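Next come the chains, spelled out residue by residue.
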Amino acid sequence: MTIDSLYSLFLSSNGVSTDTRTLQPGQIFFALKGENFNGDTYAAAALEKGAAIAVVSESCEGDDPRFVRVPDTLETLKALAAHHRRQLDIPVIGLTGTNGKTTTKELIRTVLSVRYKVTATKGNLNNDIGVPLSVLSIRPEAEIAVIEMGANHPDDIGRLTPVSQPDYGLITNVGKAHLLGFGSFEGVKKAKGMLYDYLAEHGGTAFLNVDDPDLTEMTLERHLPVIRYGLQYDNAEILPLEPEHPFLRLSLGGITVETGLVGAYNAVNVLAALAVGAQFGVDPEDGAKAISAYEPHNNRSEMTRTADNTVIADAYNANPSSMKVALDNLEAFSAPRKAVLLGMMGELGAESLKEHQALVDRLSAMNLDKVYLVGEEFRRTGTSFPCFATSADLAAYLGEHPLKGYTILLKGSRSTAMEKILPVL
């Protein structure tokens, strides 16, 4: 079956699904394959649940006429998404970066929604599967789309940009993350910079934090048109933290931007969203009001006052860059007692021990009342701080030795699942 024929079926369908558990009647089921799963084994069940057709591999068993056999189901999904994107006459903003991608994407969606019907990546569906699903979720009524793209390997962005085909791009930052896959910081810059490469080759424009020398250099190298923003560029001021104002606040052009975000590091994410909004005609005051109503979730820069403590949950992921700014933010807090609960950082390759030792050294130099660590990489440093094998072990310990009256930073890589500790805090 050609992509044109498959696209005709898509237009008359109820969308696409890759999971029989969430499949809705009338959807097209794509039987994807991975290291630990084979979607072909669920194809018949998908049809029984009401799938219009099932796109399966050529080796799939069964002779149901609703099976559409293709050489590679993932590549077909991506080709279908790319074809759908070419039919859309709307601006698409592509977003990547080491830290802050999802928060920035949500802030951009929030600001643009003041004037437009916006489709944005749900959650963090930003990989080889998530990006085509996000593109295929763009409906005819959409006026702007914001597509987040993640990268763990050198060519990830290079594979995703032909699917999302962005007209505009924004890299939040480049830092030390996934070094196991990228090899070095220069590898990170090259990988993220593939978004700029695509824009340069296709007449696109970048939103640029001009306060960031790495990003500025990367755009200059590609002679890429840019729309500028930044703390210095916008003459923005981060307002002091106060007991009655514990969240990030900015003074910008006579406007006070209130947020529900924790951390000065989110200031550039707010400015990015306002810059995107301004490019598309959103009044800054309206954008600021929209941001003030935004509430973070999924343990990203989320501050909660429990019965016993104030918890800063930034536990979705961690790398050396994000750990640094999170600890900087905690230092800026005025609090009688502070505690840090950190899970180890993953995918750092040969740099892992060095980066974990640097983090332990930083913790030792801070005026902290309690420090608890999780993961083998912290154990390898020989630290004297209490270190637990898993977050569940630390949660059990804190259940017996509760913390009360602390301001607590909770952070770690996804593999450590630090959010498991939240119930005992």
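The structure presented is a predicted model; accordingly, all values stated were derived computationally and were not measured. (Residues numbered from 1 in each chain as written. Predicted model: local features only at pLDDT ≥ 70, side-chain atom pairs only at ≥ 80, totals over all residues. Heavy atoms only, no water.)

### A short note on the packing of aromatic side chains
1) Next: For the structure shown, the criterion picks out six aromatic pairs.
2) Next: Connected via pairs of aromatic rings, a cluster forms that spans Tyr168, Phe207 and Phe280.
3) Next: Stacked on the ring of Tyr406, the Lys or Arg Arg337 has its end atom at 4.3 Å from the ring centre. (Phe/Tyr/Trp six-rings, centres within 6.5 Å; stacked < 30°, edge-to-face > 60°. Lys NZ or Arg CZ within 6 Å of the ring centre and 35° of its normal.)

### Let's talk about the packing of helix H4 (residues 101-112) against helix H11 (residues 267-279)
1) Next: Between H4 and H11, the least distance of the axes is 8 Å, while the angle of their chain directions is 35°. Crossing angle aside, the handedness with which H4 passes H11 is right-handed. Residue-level contacts link Thr103, Thr104, Leu107, Ile108, Val111 and Leu112 of H4 to Asn269, Val270, Ala272, Ala273, Leu274, Val276 and Gly277 of H11.
2) Next: Classifying every residue of the contact of H4 with H11 gives nine nonpolar, four polar and no charged. (Axes fitted to C-alpha atoms, helices over the stretch in contact; angles between N-to-C directions. Helix = DSSP H or I, 4+ residues; strand = E, 2+ residues; numbered from the N terminus. Left-handed = near helix turned anticlockwise from the far one by under 90°. Contact = heavy atoms within 4.5 Å. Nonpolar A, V, L, I, M, F, W, Y, C, P; charged D, E, K, R; others polar.)

### Remarks on the nonpolar core
1) Next: Of all hydrophobic cores here, the largest spans 41 residues; its most connected members are Phe30, Val55 and Tyr196.
2) Next: The biggest single contributor to this core is helix H5 (residues 130-136), with four residues.
3) Next: The residues touching Phe30, leaving out its near neighbours within four places in the chain, are Leu6, Val16, Ser17, Thr18, Val55, Thr73, Thr76, Leu77 and Leu80.
4) Next: Formed by 35 residues, the second largest nonpolar core is a distinct cluster that contains Leu248, Leu252, Val270 and Phe280. (Core = buried A, V, L, I, M, F, W, Y, C linked by side-chain atoms within 4.5 Å. Buried < 20%, exposed > 50% of the residue type's maximum accessible area, 1.4 Å probe, protein only.)

### Description of the side chain of Asn329
1) Next: Assignment of secondary structure puts Asn329 in helix H13 (residues 320-332).
2) Next: Residue class for Asn329 comes out buried when judged on its relative accessible area of 8%.
3) Next: The contact partners of Asn329, leaving out residues within four places of it in the chain, are Val262, Gly263, Ala264, Tyr265 and Ile312.

### Here we look at the packing of H13 against helix H14 (residues 352-365)
1) Next: Interhelical geometry of H13 versus H14 gives an angle of 5° and a closest axis separation of 11 Å. It follows that H13 is roughly parallel to H14 by the angle criterion. Touching Pro320, Met323, Lys324, Leu327, Asp328 and Glu331 of H13 are Glu355, Leu359, Arg362 and Leu363, all from H14.
2) Next: Here the residues of the contact of H13 with H14 sort into five nonpolar, no polar and five charged. (Parallel < 35°, antiparallel > 145°, perpendicular 65-115°, else oblique.)

### Topic: the pairing of strand E13 (residues 255-258)
1) Next: The side-chain alternation of E13 yields one buried face, formed by Ile255 and Val257, and one unburied face, formed by Thr256 and Glu258.
2) Next: Two elements, strand E12 (residues 249-252) and E13, share four bridges in a ladder whose sense is antiparallel. For Leu252, the partnering residue across the bridge sits in E13 and is Ile255.
3) Next: Remark: two residues form the turn of the hairpin made by E12 and E13, two consecutive strands paired antiparallel; Gly253 in that turn has positive phi of roughly 55°. (Pairing = 2+ DSSP bridges.)

### Structural notes on the sheet that holds strand E18 (residues 387-388)
1) Next: On the basis of which strands lie adjacent, the open sheet formed by six strands has the order E14-E15-E19-E16-E17-E18 and mixed pairing. Both edges of this open sheet fall to strand E14 (302-305) and E18, since each of them pairs with a single strand only.
2) Next: Against the sheet, helix H16 (residues 391-400) makes contact with strand E16 (338-343), strand E17 (370-374) and E18, and its axis sits at roughly 145° relative to E17, the strand it touches most.

### Thoughts on helix H3 (residues 73-87)
1) Next: Under the 1.5 Å per step criterion, the end-to-end length of H3 is 21 Å for 15 residues, consistent within 8% with the ideal 21 Å.
2) Next: Where H3 is concerned, the buried positions are Thr73, Thr76, Leu77, Lys78, Leu80, Ala81, Ala82, His83, His84 and Arg85.
3) Next: By the N-cap criterion, in which a side-chain oxygen at the helix start approaches the backbone nitrogen of a residue two or three places on, H3 is capped by Asp72, the distance to Leu74 being 3.0 Å. (Expected span 1.5 Å × (residues − 1). Polar contact = N/O pair within 3.5 Å; in protein donor to acceptor, adjacent residues only side chain to side chain.)

### Looking at H13
1) Next: In this model H13 runs 19 Å from its N-terminal to its C-terminal C-alpha over 13 residues, within 8% of the 18 Å that 1.5 Å per residue would give.
2) Next: Every buried residue of H13 is accounted for by Pro320, Ser322, Met323, Ala326, Leu327, Asn329 and Leu330.
3) Next: Looking at the buried side of H13, the elements it contacts are strand E15 (310-314), E16, H14 and strand E19 (407-411).

### Quick look at unusual backbone geometry
1) Next: If you check the backbone angles, Gln165 has positive phi at about 45° while not being a glycine.
2) Next: Within the secondary structure, Gln165 sits in the loop between helix H6 (156-164) and strand E8 (168-171).
3) Next: Using a relative accessible area of 13% as the deciding quantity, one classes Gln165 as buried.
4) Next: The backbone of Asn235 sits at a positive phi, close to 55°, despite the residue not being glycine.

### Concerning the sheet that holds strand E9 (residues 205-209)
1) Next: Strands sit in the order E6-E7-E5-E8-E9-E10 across an open sheet of six strands; the sheet is parallel. The sheet is open, and its two edges are formed by strand E6 (118-120) and strand E10 (226-229), each paired on a single side. Neighbouring strand axes in the sheet, compared pairwise and without regard to direction, differ in orientation by 20° on average.
2) Next: Inspection of the sheet shows E9 paired to E10 by four bridges, in the parallel sense. From the neighbouring strand, Asn209 faces E10, where its bridge partner is Tyr229.
3) Next: Each of strand E5 (92-96), E8, E9 and E10 is contacted by H11, which is oriented at about 135° to E10, the strand it contacts most.

### Considering the pairing of E5
1) Next: Across the five residues of E5, five count as buried, placing the element largely inside the fold.
2) Next: Residues Val92, Gly94 and Thr96 of E5 are buried on one face, and the alternating residues Ile93 and Leu95, pointing to the opposite face, are buried as well.
3) Next: As paired elements, E5 and strand E7 (residues 144-148) share four bridges and run parallel to each other. Bridging across to E7, Gly94 finds its partner in Ile147.
4) Next: Strand direction decides the pairing type here: E5 and E8, joined by four bridges, are parallel. Along E8, the bridge assignment pairs Leu95 with Leu170.

### Observations concerning the environment of Ala332
1) Next: Relative to the elements of secondary structure, Ala332 occurs in helix H13.
2) Next: Overall, Ala332 belongs to the exposed group, its relative accessible area being 52%.
3) Next: Each C-alpha atom, one on Ala332 and one on Pro240, is 9.0 Å from the other, the two residues being 92 residues apart in sequence.

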